[in-house]
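A closer look at the structure
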Amino acid sequence: MSAAEDAVRAANTRNAWALVTPALILLTFAASGPLLIVLVYSFLTPGQYGNVEWIFSLDAWIGILFTKDIFDETYKLADAHLTIFWRSVKLSFLTTVITFAIGFPTAWFIATRPPRSRALWLFLITIPFWTNLLIRTFAINEVIRNEGLLNTFLIWLGVIERPIQIVYTDVAVLIGMAYVYLPLMVLPLFAAIDRFDMRLLEAGYDLYASRWRVLRRVILPIVKPGIVAGSILVFVPSLGAYVTPRVLGGGKNMMIGNFIELQFGQARNWPLGAALSMTLLMIVMVALLFYVRAASKGSNPHG
Amino acid sequence: MNDIAVEARNAVKTFGQGDHAVRALDDVSVTIRKGEFFTLLGPSGCGKTTLLRLIAGFEMPTGGQILLDGADITDLPPNKRPVNTVFQSYALFPHLTVAENVGFGLEMLNRPKAEVRQTTERMLALVKLEALAGRKTSQLSGGQQQRVALARALAPQPKVLLLDEPLSALDLKLRKEMQTELKRLQHETGITFIFVTHDQEEALTMSDRIGVMSAGKIQQIGSPRDIYTRPVNRFVASFIGESNFLPATIVQGAARLGSGHSLAVEGLTPVDEGRKVTLAVRPEQVRLTAEDEADTIRATVRDLVYFGTDTHCHLMLSDGEEVVARLQSPASGDAGLSEGQIVGLRLAPGAVQVLGD
Ligand SMILES: Nc1ncnc2c1ncn2[C@@H]1O[C@H](COP(=O)(O)OP(=O)(O)OP(=O)(O)O)[C@@H](O)[C@H]1O
Ligand SMILES: [Mg+2]
């Protein structure tokens, strides 16, 4: 390698750094900074009217899993908290599964349309993003509530006699989240399927694979990067969902997001809220770690 | 014993409907014998791929039947047909290694693991790729990918192997190598090969028999020698090799040219008397002599084109018809001819073919 090449390389590196600096500054102050504050707050004592007092305490972290008995000062497992964690993970996982089950055929359908109509389909998929999340969620509420569109219609048809209670159940939360996050699953799946060489299907059939085995052994492994990306894009925001469980799940079917909000609001326990936020972050990171590990096992790094 | 591997009976395939309908195959009937190297040859768009895809099961015929070993397989899906394809694009699975690609078919047939492994190894040895068994297919050269595609299609030991222009993506040298390789593989495995190409030289050198196609129809089926020396029509005569075409009339059992010369031709029947026909003569069968020799046709040299080993001599007959003679270039590089010179032209009786239409 010549000196000139070295110089060019060094200059390129310098330029590259110069270009990412704004992004780095933004990330440091907008992401890492607040995160640091949250971390610090989780080790402080709650103030009387919200906020924090600068006295070190581990109570918030202990409070995530345990409650202190007010009479004998013993610690007991906080069942209510665990239930909320479990529900959050369960609903997020189910949301991911549902959006995949609906999103995969959808993405396949779009990717196999002629190029001109493809743009239209993609555009239609993104329409839900045009309105505010709150409005969309209330719209779903309007559809599934007891006097809503769905129940009225079913009663009119005579299929049911009295309304089915959907709203304020986990099912309602699932419907809402699946609806809201579906595009996030469809788009990366579409990108992966669009790159998929359809001639491989014929190669699969030719080599005695049934349709099901072509799907399992050829299509899914090859579009795996899209499945991984879509699952992450759906699972992570589902876990922290706030609006949907609030509007459709009512007060009882809380998820972590609502529980955190509760601590910063009515409960006036900022340190617990902060500790819960950090816990959520850790759950997400651990989940991602496991998932990416499992997904990349034996798969082609180049997709 | 029945020695027919594949048979297409009156196969018709139309794509699209109404005004846009394309008749890709128009009543094609062909029988391919067991263990034979059969080539489908024809210009682009003549329906070669369509016929192959009908045999593989990727397309359903609009009419007619496909038979394999005497059994009607027209309605069988591709994964139920003991037929494998080497795709023009290779279509190797990018997420699998070379060995996994080769073993794929056997695995889908639910063969025991040990058998899959052994056969895979044997196939890789057959195409000389043992050293690359663990590689991803994206890390292979074109020629190597080609071999993987071959091994993958041969591994399940199909009754028939379909090859759709498998060599067209390779450069000339590799192509020649693979031609020999293919012949060797066919010989060693004894599997019936149906090979598609639009390269006439490839077809002539490799095949046991050739089916020449044009516009969705089979024009002629025969051995390379048959097809070259006895083309049945003008299309075959001009598509395989080069030919001179001369209009003639059959008079008293001979073909009379416009210039008045009579040529002895074979295979005429009395009903042909008086018919107008086209004669085909290969340029290398045209001999030049002195103009005053007996039994020759007088012609004027119009142009001489030097091709290295050959020199093409463009001649004009007295009635204005053009004839090209391919002469071996003499060592001196000078054919001893010059433009405007009058020469005598002689056509051996066996060299003149009477064409149908
Ligand atoms: N799926 C299809 N839809 C519509 N028309 C088709 C389709 N497949 C083939 N055709 C048409 O059928 C005719 C025969 O096509 P085919 O692919 O069999 O030709 P080919 O002989 O293999 O040509 P090439 O040498 O270029 O590969 C062509 O006119 C082609 O346009
Ligand atoms: Mg073709």
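None of the values given here were measured: they were computed from a predicted structure.

The next thing to look at is the UniProt feature "transmembrane region" (unreviewed entry) in chain A. In the numbering used here, UniProt assigns the "transmembrane region" (unreviewed entry) feature to residues 16–42, 91–111, 117–135, 171–193, 214–236 and 272–292 of chain A. Annotation note: span residues 91–111 of chain A, helix share 100%, strand share 0%, distance between end C-alpha atoms 29 Å.

A word on the pairing of strand 18 (residues 322–328) of chain B. Residues and elements named next belong to chain B. Judged from the seven bridges that link them, strand 17 (residues 310–317) and strand 18 form a sheet pairing that is antiparallel. Residue pairing for strand 18: T311 is matched across the bridge by L327. Between the antiparallel neighbours strand 17 and strand 18 lie four residues, among them G320 with a positive phi of about 90 degrees.

Once that is clear, we can look at the interface of chain A and chain B. Opposite the 17 residues of chain A that make contact, chain B presents 26 residues. Note on chain A versus chain B: buried area summed over both sides is about 2100 Å², and carbon and sulfur give 59% of it. Its largest share of buried area at the contact with chain B, chain A owes to D206, L207 and Y208 of chain A, together 36% of the area lost on that side. Across the pair R217 of chain A and E107 of chain B runs a salt bridge, and its minimum N-O distance is 2.8 Å. Applying the counting criterion to the chain A and chain B interface returns 10 residue pairs in polar contact (both at pLDDT 80 or more). Of all the elements in the fold, those that place two or more residues in the side of chain A that touches chain B are helix 8 (199–206) and helix 9 (211–222) of chain A. When residues in the side of chain A that touches chain B are grouped by element, the largest group, seven residues, is from helix 8 of chain A. Of the residues in the side of chain A that touches chain B, the class split is nine nonpolar, three polar and five charged.

What follows covers the UniProt feature "domain: ABC transporter" (unreviewed entry) in chain B. UniProt marks residues 6–240 of chain B with the feature "domain: ABC transporter" (unreviewed entry), using the numbering shown here. A distance of 25 Å separates the end C-alpha atoms of residues 6–240 of chain B, which is 36% helix and 26% strand.

Here we come to the site of ligand 1. Residues and elements named next belong to chain B. Within the structure, ligand 1 sits among F15, V22, A24, S44, G45, C46, G47, K48, T49, T50, E165 and H198. Within the backbone of G45, one N or O atom sits 2.7 Å away from an oxygen atom of ligand 1. The separation between an oxygen atom of ligand 1 and a polar side-chain atom of K48 is 2.8 Å. For ligand 1, whose unbound accessible area comes to 630 Å², protein coverage reaches 61%. Secondary-structure elements contributing two or more residues to the shell around ligand 1 are strand 2 (22–33) and helix 1 (48–56). Of all the elements, helix 1 adds the most residues to the shell around ligand 1, at three residues. Residue composition of the shell around ligand 1, grouped by class: four nonpolar, six polar and two charged.

Each pair of packed helices can be described by the angle between their axes along with the distance between the axes. Residue and element names in this part refer to chain A. Where helix 10 (residues 224–239) meets helix 13 (residues 270–296), the closest approach of the two axes is 11 Å, and the angle between their N-to-C directions is 165 degrees. Here helix 10 is positioned roughly antiparallel relative to helix 13, judged by the angle of their axes. Taken as a pair, helix 10 and helix 13 cross one another with a handedness that is right-handed. When helix 10 is examined against helix 13, the residues K224, I227, V228, S231, I232, F235, V236 and L239 are found in contact with a partner set consisting of L280, I283, V284, A287, L288, Y291, V292 and A295. Its residues assigned to classes, the contact of helix 10 with helix 13 comprises 14 nonpolar, one polar and one charged.

According to the stated counting rule, one finds 29 salt bridges over all chains in the structure shown. Ionic pairing is found between R53 of chain B and E202 of chain A, a salt bridge with its closest N-O pair at 2.7 Å. Note that R53 of chain B is positioned in helix 1 and E202 of chain A in helix 8, a pairing that runs across two chains. Overlapping salt bridges, with partners in common, bring together K128, R147, E181, R184 and E188 of chain B in one network.

Turning to the sheet that holds strand 1 (residues 4–15) of chain B, a few remarks are in order. Residue and element names in this part refer to chain B. One open sheet holds the four strands; their spatial order is 2-1-4-5, and the pairing between them is antiparallel. A strand with exactly one partner marks an edge of an open sheet, and here the two such strands are strand 2 and strand 5 (71–72). Across eight bridges, strand 1 lies against strand 2 in antiparallel orientation. In the strand pairing of strand 2, E7 is matched with T31.

Now for the packing of helix 3 (residues 79–111) of chain A against helix 9 of chain A. Residue and element names in this part refer to chain A. Between helix 3 and helix 9, the least distance of the axes is 14 Å, while the angle of their chain directions is 75 degrees. By the angle between their directions, the pair helix 3 and helix 9 is classed as roughly perpendicular. For the pair helix 3 and helix 9, contact is made by F100, F104 and W108 and by L215, I219 and L220, respectively. Considering only residue class, the contact of helix 3 with helix 9 consists of six nonpolar, no polar and no charged.

A few words now on the confidence of the model for chain A. Here chain A averages 88 in pLDDT, and 97% of its residues register 70 or above. Throughout residues 298–303 of chain A the model reports pLDDT below 50, and contacts reaching past four residues in sequence, or to other chains, amount to six contacts.

Turning our eyes to something else, we now look at the domain arrangement of chain A. In terms of domain boundaries, chain A breaks down into domain 1 (1–39) and domain 2 (78–297). When each unit is reduced to the centre of its C-alpha atoms, the spacing between domain 1 of chain A and domain 2 of chain A is 34 Å.

Now for the packing of aromatic side chains. All names here are of chain A. Counting across every chain of the model gives 16 aromatic pairs over all chains. Look at F43 and W61: their rings are 5.8 Å apart centre to centre, the planes differ by 35 degrees, and that puts the pair in the tilted class. Of this pair, F43 sits in the loop between helix 1 (3–41) and strand 1 (45–46) while W61 is found in helix 2 (residues 59–65), placing the two residues 18 residues apart along the sequence. When its relative accessible area of 23% is taken as the criterion, W61 is described as partly exposed. Taken together, a centroid distance of 4.9 Å and an interplanar angle of 85 degrees make the contact between F109 and W121 edge-to-face. Residue F109 is found in helix 3, and its partner W121 is found in helix 4 (residues 115–126); the two are separated by 12 residues along the sequence. With a relative accessible area of 32%, W121 lands in the partly exposed category. Joined through ring pairs, the aromatic side chains of Y41, W54, F264 and W270 make up one cluster.

Attention now goes to helix 9 of chain A. Because the α-helix completes a turn every 3.6 residues, residues three or four places apart line up on one side. The end-to-end C-alpha separation of helix 9 of chain A is 15 Å, in line with the 16 Å expected for 12 residues at 1.5 Å each. Of the surrounding secondary structure, the elements contacted by the buried residues of helix 9 of chain A are helix 3, helix 8 and helix 10 of chain A together with helix 2 (98–108) of chain B.

All right, on to the side chain of D206 of chain A then. Along the chain, the position of D206 of chain A falls in helix 8. The contact partners of D206 of chain A, leaving out residues within four places of it in the chain, are F58, P78, V83, N84, T85 and F87 of chain B.

Note: most peptide bonds trans; most residues except glycine with negative phi. For R268 of chain A, which is not glycine, the phi torsion reads 50 degrees and is therefore positive. Examined against the element boundaries, R268 of chain A turns out to sit in the loop between helix 12 (256–264) and helix 13. Positioned with a positive phi, A215 of chain B is a non-glycine residue whose angle comes to about 45 degrees. With respect to the helices and strands, the residue A215 of chain B is situated in the loop between strand 9 (209–214) and strand 10 (217–222).

Turning our eyes to something else, we now look at the nonpolar core. Residues and elements named next belong to chain B. In this structure, L51 and I194 are the most contacted members of the largest nonpolar core, which totals 66 residues. Excluding its chain neighbours within four sequence positions, the residues that come into contact with L51 are A8, L25, V28, V30, L40 and M213. Counting 33 residues, the second largest nonpolar core, distinct from the first, contains M123, L126, L163 and L185.

Definitions and cut-offs
Position numbers for residues count from 1 along each chain, tracking the sequence in the order it is written. A letter from A marks each chain and a number from 1 marks each ligand, given out in the order of writing. Owing to the predicted nature of the model, reporting of local features is limited to residues with pLDDT of at least 70; listing and counting of side-chain atom pairs is limited to 80 or more, with chain, interface and lining totals taken over all residues. Excluded from the side-chain calculation are hydrogens and water; included are all heavy atoms of the structure. UniProt positions are given in the numbering used here, feature names are shortened, and annotations may be inferred rather than shown by experiment. Numbering of helices and strands starts at the N terminus; helices are DSSP runs of H or I of at least 4 residues and strands are runs of E of at least 2. Strands pair, by our definition, only if DSSP identifies at least two bridges between them. Contact between two residues is taken to exist if any of their heavy atoms lie within 4.5 Å; hydrogens are not considered. Buried surface area refers to the total accessible area, computed with a probe of radius 1.4 Å, that the two partners give up upon joining, counted for both partners together. Salt bridges are counted wherever a side-chain nitrogen of Lys or Arg sits within 4 Å of a carboxyl oxygen of Asp or Glu. Polar contacts, as used here, are pairs of N or O atoms within 3.5 Å; protein pairs need one atom able to donate a hydrogen and one able to accept it. Residues neighboring in sequence count only if both atoms are side-chain atoms. Residue type decides the class: Asp, Glu, Lys and Arg count as charged, Ala, Val, Leu, Ile, Met, Phe, Trp, Tyr, Cys and Pro as nonpolar, and the leftover types, Gly among them, as polar. Near is defined per residue: the residue qualifies when any heavy atom it owns lies within 4 Å of the molecule or strand. Each accessible area is a Shrake-Rupley estimate made with a 1.4 Å probe; only the visible protein chains count as cover when residues are assessed. Each axis is a line fitted through C-alpha atoms, taken for helices only over the stretch in contact, and angles between the N-to-C directions span 0 to 180 degrees. Convention used here: angles under 35 degrees read as roughly parallel, angles over 145 as roughly antiparallel, angles from 65 to 115 as roughly perpendicular, and any remaining angle as oblique. Handedness of a crossing follows from how the near helix is turned relative to the far one, being left-handed for an anticlockwise turn of less than a right angle and right-handed for a clockwise one. Looking at any residue, its pLDDT shows the predictor's confidence there, from 0 to 100. The domain boundaries here were taken from an automatic or database domain assignment. Working definition: rings of Phe, Tyr and Trp (its six-membered ring) pair if their centres are within 6.5 Å, and the pair is stacked with planes under 30 degrees apart, edge-to-face with planes over 60 apart, and tilted otherwise. Exposure classes here rest on a 1.4 Å probe applied to the protein chains alone. A residue is buried below 20% of its type maximum, exposed above 50%, and partly exposed in between. A helix's residues, less one, multiplied by 1.5 Å, set its expected span. The set of buried Ala, Val, Leu, Ile, Met, Phe, Trp, Tyr and Cys residues whose side-chain atoms join them within 4.5 Å is what this entry labels a nonpolar core.

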